[in-house]
Amino acid sequence: MTKNIYVARSSRIAARKLGEEMLVMSARDSTLFTLNATATILWQAADGATPLREIVEKKICPEFEVEEEQAQRDAQSLAEELASHGILLISQEPISNPAREPVQV
Amino acid sequence: MSKLLQEMGDRALQLGVPLSAHIDLTYRCNEQCVHCYLDHHDHGEMTTTEIKRLLKEMAEAGVFILTLSGGEIFLRKDFFEILECARELTFCIKLKTNAVLIRQAQAKRLRDLGVESVQVSIYSHRPEVHDAVTKVPGSLRRSIEGIRFLKSQGMKVIIANVLMTKNADDIHGVHDLAAELGVESTLDPTVSPMMDGDRSILNLNAGDAALHKLFRDPSLIGNAEEFCVPPPAPTPDSMDSLPCSAGHTGCYVSPYGELYPCVAFPLSCGNVRQQRFIDIWRNSEQLKEVRSIRLRDLSGCSQCVHGATCTRCPGMAFLEGNMRGPSTADCQKSYARTGIPSANLQAKKEVPASGRLIQIQLVPGFTGTRLGHPATLPVQ
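Since this is a predicted model, take the numbers as computed values, not measurements.

**Quick notes on helix α7 (residues 171–181) of chain B**
All names here are of chain B.
Line of reasoning, step 1. Turning to α7, its buried residues number three or more, namely I171, V174, L177 and A178. One side of α7 carries all its buried residues, which in axial view fall inside an arc of 125 degrees. Exposed and facing more than 90 degrees away from the buried side of α7 are H172 and E180.
Line of reasoning, step 2. In the stretch just after α7, G182 is the one whose phi turns positive, near 75 degrees.

**Examining the sheet that holds strand β6 (residues 88–91) of chain A**
All names here are of chain A.
Line of reasoning, step 1. Spatial ordering of the open sheet is given by β5-β1-β6, a layout of 3 strands whose pairing is antiparallel. Only two strands of the sheet have a single partner each, and these edge strands are β5 (47–51) and β6. Strand-to-strand twist of the sheet, defined as the mean angle between neighbouring strand axes without regard to direction, takes the value 25 degrees.
Line of reasoning, step 2. One ladder, built from 4 bridges, connects strand β1 (residues 6–9) with β6; its direction is antiparallel. In the sheet register, R9 faces β6, and the bridge partner there is L88.
Line of reasoning, step 3. On the sheet, helix α3 (residues 68–84) packs against β1 and β6 and is oriented at approximately 120 degrees with respect to β6.

**Quick look at the nonpolar core**
Line of reasoning, step 1. In this structure, V24(A), L42(A), L66(B), I93(B) and Y260(B) are the most contacted members of the largest nonpolar core, which totals 126 residues.
Line of reasoning, step 2. For L42(A), the contacting residues outside a window of four places in its chain are I55(A), I60(A), A75(A), L78(A) and A79(A).

**Things to note about the environment of M25(A)**
Line of reasoning, step 1. Residue position: M25(A) is located in strand β3 (residues 21–26).
Line of reasoning, step 2. Taking the C-alpha atoms as reference points, M25(A) and I13(A), separated by 12 residues in sequence, lie 5.4 Å from one another.
Line of reasoning, step 3. In this structure, M25(A) is in contact with I13(A), A14(A), S30(A), L32(A), C92(B) and E116(B), ignoring residues within four places of it in sequence.

**So, α3(A)**
Line of reasoning, step 1. In a regular helix each residue adds 1.5 Å, so 17 residues correspond to 24 Å; α3(A) covers 24 Å between its end C-alpha atoms and thus fits that length.
Line of reasoning, step 2. Positive backbone phi, at 80 degrees, marks G86(A), one or two positions downstream of α3(A).

**Details of the packing of helix α2 (residues 52–60) of chain A against α3(A)**
Residue and element names in this part refer to chain A.
Line of reasoning, step 1. Interaxial distance between α2 and α3 falls to 10 Å at its minimum, and their mutual angle equals 120 degrees. Between α2 and α3, the interaxial angle falls into the category oblique. Along this stretch, α2 crosses α3, giving a crossing that reads as right-handed. Residues L52, R53, V56, E57 and I60 of α2 lie in contact with α3, whose contacting residues are E68, A71, Q72, A75, Q76 and A79.
Line of reasoning, step 2. The class makeup of the residues in the contact of α2 with α3 is 6 nonpolar, 2 polar and 3 charged.

**Focus on unusual backbone geometry**
All names here are of chain B.
Line of reasoning, step 1. Going from G70 to G71, the amide bond is cis rather than trans, its omega being 20 degrees.
Line of reasoning, step 2. On the secondary structure map, G71 appears in the loop between β2 (65–69) and α3 (79–88).
Line of reasoning, step 3. Not every positive phi belongs to a glycine, and T90 is a case in point at roughly 55 degrees.
Line of reasoning, step 4. The backbone phi angle of A99 is positive, close to 65 degrees, even though this residue is not glycine.

Here is what the cut-offs are and how they apply
Residues numbered from 1 in each chain as written. Chains lettered and ligands numbered in written order. Predicted model: local features only at pLDDT ≥ 70, side-chain atom pairs only at ≥ 80, totals over all residues. Buried ≥ 20, exposed ≤ 12 C-beta atoms within 10 Å, placed from the backbone. Helix = DSSP H or I, 4+ residues; strand = E, 2+ residues; numbered from the N terminus. Arc of directions from axis to C-beta. Pairing = 2+ DSSP bridges. Axes fitted to C-alpha atoms, helices over the stretch in contact; angles between N-to-C directions. Contact = placed C-beta atoms within 7 Å. Core = buried A, V, L, I, M, F, W, Y, C linked by C-beta atoms within 7 Å. Expected span 1.5 Å × (residues − 1). Parallel < 35°, antiparallel > 145°, perpendicular 65-115°, else oblique. Left-handed = near helix turned anticlockwise from the far one by under 90°. Nonpolar A, V, L, I, M, F, W, Y, C, P; charged D, E, K, R; others polar.

So, in structure tokens, the structure goes:
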């Protein structure tokens, strides 16, 4: 059973859809990422108010033939990976205002 | 450029997406640089509302990397309002400025808005040289202070220098200044003609001896033997190659709304005040013509030994009178680098006196990472 978490896009990113992929650049260190179609759905739905479980259930599972519990685990793993790069925020509570990151000098 | 960004550029080319755009918000400036190619008078800049509408149209068209430049961008009183709008539309923002008007408050605001990088023009580490180029006493001190404010906020800063006779002895001084400030630096050995075609400022170019020395300086270009190696013969693939991204995945918009393939390629393709950005991008006859040009179509260049490796600028060729012709300044550059004259120079029986050179990037740019691709979630 995965935890019920909330996810929100960082305010310090640049992003644009290019074909089926999403280009995301972190303003923190200018690292460029591309998200595939699945990751793009998760990322676009990461509004800080919708629980990750609901995103998987309503946005991802209907699009792909996948067993829901597996999808939930994979989505949490993906969210954690995006968060480790600073482009997604994760919280146990709804995220109303994506926090500013500390100054990196 | 990272491999990933190159891949995205290739994808954008396939999809017909303008991945990058450059907007000059104003041509007005608080410096009067001797080599500047712009007319600094205001002939009717786009309003805040017009620029915001343009930004929305660019975002919808797929523009990802947006360069905001001038003139001096901080002379626009609505600059931060424009920048906030651009960031709400999630552009990757690059700024070009002289940083004279950047103090702590501006630097913090740029940082809070998630600007990707700020390029600052510095022409010498010596005030008497830099200030003589800008014609503004104290400008070097102010620019360096601006850079320090940006660095104190953790911003990525790039010093941009232009090689001229006036500062040819200060290249390493600027390089060392960048290192001391903890920022990247680039050197453009190019003085471009005025946008109206006036070529008189080209006499500021540094000249053969300085260029020859520059091209063989390992601290600036890396391995000089590799850099100056004679060009390989053009292949059938290279004959079908594109000259650069101008008009293909990138474009430029002037403060008056004129859309060009590139800031260095002043071929008017339409005006965003009269037409939607995407309509110009897709339907402009001028852009279609630019996009149709391949190396095999170029008179002279297609038979030139430098054809496959030349950094021929189509904008410079256009300013010489023929976008399908050679850019003599780039011919001179190839000659200075390799010692082998181009077909164009041989035909003209010209001995190069000065050259338009490639921009030398001293420090690598973006890094890139793919995410989600190895995930176990099924990929459609």
